[in-house]
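Here's the letter readout for the chains.
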Amino acid sequence: MNTCVVGLQWGDEGKGKIVDILAEKADIVVRYAGGANAGHTVVIGDKKFALHLLPSGSVRPGTKCVIANGVVLDPDCLTGEIDSLAKQGITLAGRLFISQNAHLVLDYHKTEDQLRESSLGAGKIGTTIRGIGPCYADKVGRSYAVRAADLTDLDTLKQKLNKIVAHKNKIFAALYKAEPMNADEIFNKCKVYADKLLPFITDTTQLLHNAISQKKSILFEGAQGTLLDLDHGTFPYVTSSNASSLGMSSGCGVPAKYVDKFIGIAKAYTTRVGEGPFPTELYNEIGSYIRERGHEYGTTTGRPRRCGWFDAVAVRYSVTIGGIDSIALMHLDTISGIEKIQICGAYRIGSEESVFFPCNIAQLAKAEPVYQTVDGWDDDLSQMKSFDDLPENAKRYVGLIEEFTGAPVSIVGVGPKRSQTITR
Ligand code: IMP
């Protein structure tokens, strides 16, 4: 059984926990897109692991982990994560595989992200400043790109970095009057990365196809969420990769026909970090209530997340384009204690009412949510073990989400721990 797990909103839906639960039965867990902009928190027993690049399965000693070609890999962050797991007694030797074709995020990418965002003022995207956009831009531009395989030939890499850094320095000086970066310093860091990472670098496409022919079970772990997809999200307020399930095939070289099930993760409400339209955003005390109860602060940047009602128009769109078979609805416990809960089932744009999500932001900015109001519940859901235990109003709310999004809710999250997960 091969499964792909993706976020259906603007990221931070709680994929880490579901991936971790599913990883128990998987032979291999694959990250196929994004980079250190992602942040999963995996809670096992009393231990909490905050990961940015390593697949969530990496904390399970028997699971193989793949960082595939679609990922932009920050070697500084990755070597830090490998070391920190080692300190907790978790070794990745012989079970972490990094694609030779994954592109490297180097210091000048992070500098460029920072310089560009600062120069844009109010027009900024609100990126995580992890160098994601600049690295993907170099990948598409080809001439100034560095891939993991380049760490195998340090002489050639040195020449390449001299050329790249000279080019970047001209641009940074002309556009931002920035201090020049030092190519030797970046190369010296790359030597250290090569030492640490070479044992893990391989042809992951071949590895995955071998695993498929041996009928191994593979879990494909998406990063961010469908609405942040470069092509299908709320451009330009998106990330620079195909964060929906559509990015899976190109991101790891495995066609979708080998995936048995696509699971979409959504929260029982909506959050967003960074800029961009958000039709159901709450600017009132209910928004703050959700933020505090749900600990809605970024794992990567610590930024407070914008919070709002569940947007079924957006999630239905993500379900449709992502071929989603079922939804894992997270954080249902967070919205306990709200007297009246609203759910957006359509948008009014001008005089028209529509149930199709416009991912053109000029239109989305004009969208007014058409809400259905349902009664909330006061009960503490955090210890509930089965769907039948949930209060009637919570069950009705989940039913409405299924009706509006067109996908069954097969998993309900009632707390951060793995044990606080109800499967139907
Ligand atoms: P970038 O991916 O750092 O370039 O940021 C682009 C947009 O995606 C910004 O709005 C970020 O806040 C958002 N973003 C990137 N990664 C995540 C994530 O893991 N969760 C939520 N939002 C994210």
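Only a predicted model underlies this, so the values are computations on that prediction, with no experimental measurement involved. (Residues numbered from 1 in each chain as written. Predicted model: local features only at pLDDT ≥ 70, side-chain atom pairs only at ≥ 80, totals over all residues. Heavy atoms only, no water.)

**So, helix α10 (residues 312-322)**
Part 1: Among the eleven residues in α10, nine count as buried, and that is most of the element.
Part 2: Listed in full, the buried residues belonging to α10 are Ala312, Val313, Ala314, Val315, Arg316, Tyr317, Ser318, Val319 and Gly322.
Part 3: Buried residues belonging to α10 abut β11 (261-267), β14 (310-311), β15 (326-330), β16 (340-349) and α12 (392-405).
Part 4: At the N-terminal end of α10, a side-chain oxygen is found 3.0 Å from the backbone nitrogen of Val313, two or three residues along, and the residue is Asp311.
Part 5: Gly323 occupies a position one or two residues after α10 and carries a positive phi of about 60°. (Buried < 20%, exposed > 50% of the residue type's maximum accessible area, 1.4 Å probe, protein only. Helix = DSSP H or I, 4+ residues; strand = E, 2+ residues; numbered from the N terminus. Contact = heavy atoms within 4.5 Å. Polar contact = N/O pair within 3.5 Å; in protein donor to acceptor, adjacent residues only side chain to side chain.)

**Observations concerning the pattern of salt bridges**
Part 1: Under the criterion given, the structure shown has 20 salt bridges.
Part 2: The salt bridge partner of Glu13 is Lys15, with a shortest N-O separation of 3.0 Å. Grouping residues by exposure puts Glu13 and Lys15 together as buried.
Part 3: Residues Asp107 and Lys189 are paired through a salt bridge, measuring 2.6 Å at the closest nitrogen-oxygen approach. Here Lys189 lies in helix α6 (residues 183-197) and Asp107 lies in helix α3 (residues 107-120), a separation of 82 residues in the sequence.
Part 4: You can call Asp107 partly exposed: its relative accessible area is 21%. (Salt bridge = Lys/Arg side-chain N within 4 Å of Asp/Glu carboxyl O.)

**Let's talk about the sheet that holds strand β10 (residues 218-225)**
Part 1: Spatially, β9-β7-β5-β2-β10-β1-β11-β15-β19-β20 is the arrangement adopted by the ten strands of the open sheet, whose pairing is mixed. Of all strands in the sheet, those with a lone pairing partner are β9 (201-202) and β20 (421-423), marking the two edges.
Part 2: Relative to β10, strand β1 (residues 3-7) is paired through four bridges, and the arrangement is parallel. Bridged to Gly7 within β10 is Gly225. (Pairing = 2+ DSSP bridges.)

**Overview of the side chain of Arg306**
Part 1: Checked against the element boundaries, Arg306 lands in strand β13 (residues 306-308).
Part 2: Within the structure, the side chain of Arg306 is placed 2.8 Å from the backbone oxygen of Gly274, a separation counted as a polar contact.
Part 3: Those residues in contact with Arg306, other than ones at most four positions away along the chain, are Thr270, Thr271, Arg272, Gly274, Glu275, Gly276, Phe278, Glu281 and Arg291.

**Observations concerning the side chain of Gln420**
Part 1: Tracing the chain through its elements places Gln420 in the loop between β19 (409-413) and β20.
Part 2: You can call Gln420 buried: its relative accessible area is 12%.
Part 3: Engagement of the side chain of Gln420 in a polar contact is seen with the backbone oxygen of Ser382, the distance being 3.3 Å.
Part 4: Contacts of Gln420, omitting those with residues within four sequence positions, involve Lys17, Ser382, Gln383, Val412, Gly413, Val414 and Gly415.

**Observations concerning the packing of helix α2 (residues 75-87) against α6**
Part 1: Contact geometry of α2 with α6 gives a least axis separation of 10 Å together with a crossing angle of 45°. When the interaxial angle is binned, α2 and α6 end up oblique. In this structure, the crossing between α2 and α6 has a hand that is left-handed. Contacts from Pro75, Asp76, Leu78, Thr79, Ile82 and Asp83 in α2 reach Tyr193, Lys196 and Leu197 in α6.
Part 2: Taken together, the residues of the contact of α2 with α6 sort by class into five nonpolar, one polar and three charged. (Axes fitted to C-alpha atoms, helices over the stretch in contact; angles between N-to-C directions. Parallel < 35°, antiparallel > 145°, perpendicular 65-115°, else oblique. Left-handed = near helix turned anticlockwise from the far one by under 90°. Nonpolar A, V, L, I, M, F, W, Y, C, P; charged D, E, K, R; others polar.)

**Focus: the site of the ligand**
Part 1: Neighbouring residues of the ligand: 15 residues in total, closest Asp12, Asn37, Thr128, Thr239 and Arg303.
Part 2: At a separation of 2.6 Å, an oxygen atom of the ligand approaches a polar side-chain atom of Thr239.
Part 3: In this structure, Arg303 approaches the ligand through a side-chain N or O atom, which is 2.9 Å from an oxygen atom.
Part 4: Contact with the protein chains hides 96% of the accessible area of the ligand, taken as 470 Å² for the molecule alone. (Near = heavy atom within 4 Å. Areas by Shrake-Rupley, 256 points an atom, 1.4 Å probe, with all protein chains shown as cover.)

**Things to note about the state of the cysteines**
Part 1: Considering all chains together, one arrives at zero disulfides under this definition.
Part 2: Distance from the sulfur of Cys77, which forms no disulfide, to the nearest cysteine sulfur (Cys135) is 13 Å.
Part 3: Of all cysteine sulfurs, the one in Cys190 lies closest to Cys135, which takes part in no disulfide; the gap is 12 Å.
Part 4: Given a relative accessible area of 1%, Cys135 falls into the buried group. (Disulfide = S-S within 2.5 Å.)

**Structural notes on the environment of Ala243**
Part 1: Considering the arrangement of structural elements, one finds Ala243 in the loop between β10 and α8 (247-252).
Part 2: As a C-alpha pair, Ala243 and Asp231 span twelve residues in sequence and 9.1 Å in three-dimensional space.
Part 3: In this view, Ala243 contacts Val6, Ala223, Gln224, Gly225, Thr226, Leu228 and Asp229; residues no more than four positions away in its chain are not counted.

**Remarks on unusual backbone geometry**
Part 1: A cis amide bond links Phe235 with the next residue in sequence, Pro236, at an omega value of 5°.
Part 2: Examined against the element boundaries, Pro236 turns out to sit in the loop between β10 and α8.
Part 3: Positioned with a positive phi, Arg142 is a non-glycine residue whose angle comes to about 70°.
Part 4: With respect to the helices and strands, Arg142 occurs in the loop between α4 (132-141) and α5 (154-176).

**Describing the nonpolar core**
Part 1: By size, the foremost hydrophobic cluster in this structure holds 57 residues, and its most contacted members are Phe220, Leu332, Ile335 and Tyr397.
Part 2: Sort the elements by how many residues they give to this core and α12 lands first, with six residues.
Part 3: In this structure, Leu161, Phe172, Ala178 and Met181 belong to the second largest nonpolar core, which totals 43 residues. (Core = buried A, V, L, I, M, F, W, Y, C linked by side-chain atoms within 4.5 Å.)

**Re the packing of aromatic side chains**
Part 1: Under the defined criterion, the tally for this structure stands at five aromatic pairs.
Part 2: When the centroid spacing of 5.8 Å and the interplanar angle of 90° are considered together, the rings of Tyr317 and Phe356 count as edge-to-face. Separated by 39 residues along the polypeptide, Tyr317 in helix α10 and Phe356 in the loop between β17 (352-354) and α11 (361-366) bring together distant segments of the chain.
Part 3: Taking the relative accessible area as the measure of exposure, Tyr317 reaches 6% and is therefore buried.
Part 4: Grouping aromatic residues by their ring pairs yields a cluster made of Tyr317, Tyr347, Phe356 and Phe357.
Part 5: One residue, Arg424, lies across the ring of Phe387, its end atom 3.7 Å from the ring centre. (Phe/Tyr/Trp six-rings, centres within 6.5 Å; stacked < 30°, edge-to-face > 60°. Lys NZ or Arg CZ within 6 Å of the ring centre and 35° of its normal.)

Nothing here speaks to function; it is geometry throughout.
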